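As a plain string of letters, each chain reads:
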Amino acid sequence: MIRTVLALLLTPLFAPSSAAPAPVTCGSLASARLPGVTIASASVVGGNCEIRGTIAPAGTIVVRLPVSGWSGRYVQTGCGGLCGNANINYTQAANCKPIADGTVASATTDMGHQGQNDGSWAANNPLAQIDFAYRGVHETAETAKALIKAFYHRAPRYSYFDGCSDGGREALMEAQRYPDDFDGIAAGAPASNMAVQNTFHHAWNVLANRDANGGYILLADRLPLIHTAVLTACDSRDGLTDGVIDDPRRCDFDPDTLRCTAGQAPATCLSPAEATVVRKLHDGATDAQGNRLEPAIAHEWGSELEWTLFIPTAPGQTVGSEMFALSYLRYLADPNHPNPAYQLADLQLTVPSFWSTVMPSSSYMAALDPDLSRFERGGGRLILWHGWNDQHISPQNTLVYWDAMRNEMGGRTVDRFARLYLFPGMAHCGGGEGPNSFDVMTPLMSWVERDKAPDRIVATNATRSRPVYPYPAVARYDGTGSTDDASNFAPYTPRDTVRNDAHWVGERLFSGDYQTWPRAVNGKLVL
């Protein structure tokens, strides 16, 4: 009996398929005929049959099929930013055994355009806009599965999607619009609120830090001072003083405590104007009356060292947030009227401007529909994850979406198919001061294939490992052993769960009643 149990425990979760070798040659796929697909090449590269081609009108795809040892799994990966390149890139999944062993079939797409991450590819190109919004990923999934069936003479047994940032948006778009494409989806730091994120959020990062003459108020050399003060105020509240805040929403840091007093050395404090900027950057975009133009908390306390994305090191620099905002405002916010001359000063921080700016692109770019009932009924499994210190996309967007799902579908239903993980100290899709390297795909595969819901994900960095539990549980030190060892922590669900503030001007965007399926007619996007 003991030997039998041990044998079961030692049986690998991810065993390669015992099927015969591929019944067709890789090169023969170069002549495969698929509707709307042009195959440019098919050759063996590093143990894979690598197929490169185009899905009409201009979506580049890359498909890799293991020549031997295929596990029956298909994993499609997303891309970031405004995409424009087709590179298979596993986000927080490289340590997943079947991926590391090369036993999964895989594919990706450039989402219908090449290069030019400034958004100019979208000008007068409605088909490219539709491909980037949602069509490109779906068409790639269908094409890759057709090639898999042609090569192996059988379809994938399990299909997965893995993406972060825009890849996270792509992941949620699949669950919402094409719920039958994938059995399991991992959506990291999703840019799901795309139009708001790339207009008012990133524009506010810049505009809130400019004086009346357009010069920057706060420079990057002040960020360590602010960060140290935040940790002094809030780090120990989770029971450990370890340089990481477990739940920044529980931190009530006041930037005014850093204001210089009479005779204080300027290097040790902030000017009133600098303190005001810090508060504005934390709170997020508002109009003159205080109406929120994005969800509350744009940048969590504890993330200050990551603010170099939008805080310059010297006057006159162009920061990343300005480039992100202008790319969208010039070419994607008004899909039929590109305006290369648009400047951030042209953006009006008012409620009417909010709606005219984020609509209509939100109707097909945003992935905020909380009703995933078709995905759930089909047996789909979803892992959402986000870093608390994300400098690009506020984790509040993911939290508000999570709450919207539970309100729409019911908490018990959501718990059957979805989990949310929030990683303390982690920046955008990786990096940061907290443990930020982990395997999200193995627990997803185990959930889909063995119906074993993931109870924790262990994240590591060079010196520390920590467990992250499904939200709203957090990790608590058990009082024994090293605080840098994940095995010395246990899950704890606070009794006073923080309520996420979902009240802002665009709160109705977290629904599905406005979403559209646009068409390209005579060079214009028709909603």
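Just so it is clear, the model here is predicted, and its values are computed rather than measured.

1. Some words on the overall build of the chain
For step 1, the next point in the chain: The helix and strand tally for the chain stands at 14 helices and 15 strands.
For step 2, the next point in the chain: For 527 residues, the compact-globule formula gives about 24 Å, and the C-alpha radius of gyration of the chain, at 24 Å, lands near that figure.
For step 3, the next point in the chain: Referenced to the eigenvectors of the C-alpha coordinate spread, the extents of the chain come out at roughly 80 × 70 × 40 Å.
For step 4, the next point in the chain: Every one of the 527 residues in the chain was classed for burial, and the buried ones make up 56%.
For step 5, the next point in the chain: Carbon and sulfur atoms provide 51% of the accessible area of the chain, an area that totals close to 21200 Å².
For step 6, the next point in the chain: Both charge centroids of the chain, one from 41 positive and one from 53 negative side chains, sit 7 Å from each other.

2. Considerations on the pairing of strand β7 (residues 184-188)
Put simply, side chains in a regular strand alternate between the two faces of the sheet.
For step 1, the next point in the chain: Within β7, five of the five residues are buried, which leaves the element mostly enclosed by the surrounding structure.
For step 2, the next point in the chain: Alignment of strand β6 (residues 158-164) against β7, held across five bridges, turns out to be parallel. Pairing of Gly163 across the sheet is with Ala187, part of β7.
For step 3, the next point in the chain: For the handedness criterion, the β-α-β arrangement of β6, helix α4 (residues 166-177) and β7 is classed as right-handed.

3. Digging into the packing of helix α5 (residues 194-207) against helix α9 (residues 351-358)
For step 1, the next point in the chain: α9 packs onto α5 with a crossing angle of 130° between their chain directions and a minimal axis gap of 10 Å. Classified by the angle between their axes, α5 and α9 sit oblique to one another. Seen from above, α5 lies across α9 with right-handed handedness. Residue-level inspection shows Ala195, Val196, Thr199 and Phe200 of α5 in contact with α9, the latter providing Ser353, Phe354, Thr357 and Val358.

4. Some words on the packing of aromatic side chains
For step 1, the next point in the chain: Taken as a whole and assessed by the stated rule, the structure comprises 18 aromatic pairs.
For step 2, the next point in the chain: Both rings, one in Tyr74 and one in Phe182, keep their centres 6.4 Å apart while their planes meet at 20°; by these two values the pair is stacked. Within this pair, whereas Tyr74 is found in strand β4 (residues 73-77), its partner Phe182 is found in the loop between α4 and β7, the two being separated by 108 residues in sequence.
For step 3, the next point in the chain: Relative to Phe489, the ring of Tyr477 lies with its centre 5.7 Å away and its plane at 50°, an arrangement referred to as tilted. Within this pair, whereas Tyr477 is found in strand β12 (residues 474-477), its partner Phe489 is found in strand β13 (residues 489-492), the two being separated by 12 residues in sequence.
For step 4, the next point in the chain: On the accessibility criterion, Tyr477 (29% relative accessible area) is partly exposed.
For step 5, the next point in the chain: Given a relative accessible area of 7%, Phe489 falls into the buried group.
For step 6, the next point in the chain: The side chain of Arg169 reaches across the aromatic face of Phe132, ending 4.8 Å from its centre.
For step 7, the next point in the chain: Stacked on the ring of Trp517, the Lys or Arg Arg177 has its end atom at 4.6 Å from the ring centre.

5. Things to note about the pairing of strand β9 (residues 418-423)
For step 1, the next point in the chain: Taking burial as the measure, the six residues of β9 include six buried ones, the bulk of the element.
For step 2, the next point in the chain: Both faces of β9 are covered, namely the face carrying Ala418, Leu420 and Leu422 and the face carrying Arg419, Tyr421 and Phe423.
For step 3, the next point in the chain: The pairing of strand β8 (residues 381-387) with β9 spans six bridges and is classified as parallel. Bridge pairing in β9 places Leu382 opposite Ala418.

6. A short note on empty space enclosed by the protein
For step 1, the next point in the chain: In total, this model carries three cavities of 30 Å³ or more according to the counting rule given.
For step 2, the next point in the chain: Taken as a whole, the largest cavity spans an internal volume of roughly 280 Å³.
For step 3, the next point in the chain: In this structure, the largest cavity is lined by 23 residues; those nearest its centre are Asp246, Leu422, Pro424, Val474 and Ala475.
For step 4, the next point in the chain: Secondary-structure elements contributing two or more residues to the lining of the largest cavity are β11 (465-468) and β12.
For step 5, the next point in the chain: A total of three residues in the lining of the largest cavity trace back to one element, the largest contributor, which is β11.
For step 6, the next point in the chain: Around the second largest cavity sit His227, Leu231, Gly243, Val244, Ile245, Pro248, Trp301, Gly302, Asn389, Gly425 and Glu433, which together line it.

7. Notes on the sheet that holds β7
For step 1, the next point in the chain: Spatial strand order, β1-β2-β3-β5-β4-β6-β7-β8-β9: nine strands in an open sheet with mixed pairing. The open sheet has two edge strands with one neighbour each: β1 (37-45) and β9. For this sheet the average axis-to-axis angle between neighbouring strands, irrespective of direction, equals 15°.
For step 2, the next point in the chain: Taken together, the eight bridges between β1 and strand β2 (residues 48-55) define a ladder with antiparallel strand orientation. Bridged to Val37 within β2 is Ile55.
For step 3, the next point in the chain: Docked against the sheet, helix α3 (residues 126-152) engages β1, β2, β3 (59-66), β4, β5 (105-109) and β6, running at close to 35° with respect to β3.
For step 4, the next point in the chain: Lying over the sheet, helix α12 (residues 395-409) contacts β8 and β9, oriented at roughly 150° with respect to β8.

What counts as what
- Residues numbered from 1 in each chain as written.
- Predicted model: local features only at pLDDT ≥ 70, side-chain atom pairs only at ≥ 80, totals over all residues.
- Heavy atoms only, no water.
- Helix = DSSP H or I, 4+ residues; strand = E, 2+ residues; numbered from the N terminus.
- Rg over C-alpha atoms; globule rule 2.2 N^0.38 Å.
- Buried < 20%, exposed > 50% of the residue type's maximum accessible area, 1.4 Å probe, protein only.
- Areas by Shrake-Rupley, 256 points an atom, 1.4 Å probe, with all protein chains shown as cover.
- Lys, Arg positive; Asp, Glu negative; His and termini not counted.
- Charge placed at Lys NZ, Arg CZ, Asp CG, Glu CD.
- Pairing = 2+ DSSP bridges.
- Right-handed = clockwise from strand over helix to strand, strands pointing away.
- Axes fitted to C-alpha atoms, helices over the stretch in contact; angles between N-to-C directions.
- Parallel < 35°, antiparallel > 145°, perpendicular 65-115°, else oblique.
- Left-handed = near helix turned anticlockwise from the far one by under 90°.
- Contact = heavy atoms within 4.5 Å.
- Phe/Tyr/Trp six-rings, centres within 6.5 Å; stacked < 30°, edge-to-face > 60°.
- Lys NZ or Arg CZ within 6 Å of the ring centre and 35° of its normal.
- 1 Å grid on protein atoms, 1.4 Å probe; cavity = no way out; pocket = protein on both sides within 12 Å on 5 of 7 lines; lining within 4 Å.
- Points joined across faces, edges and corners; volume = space filled by probe spheres on them.

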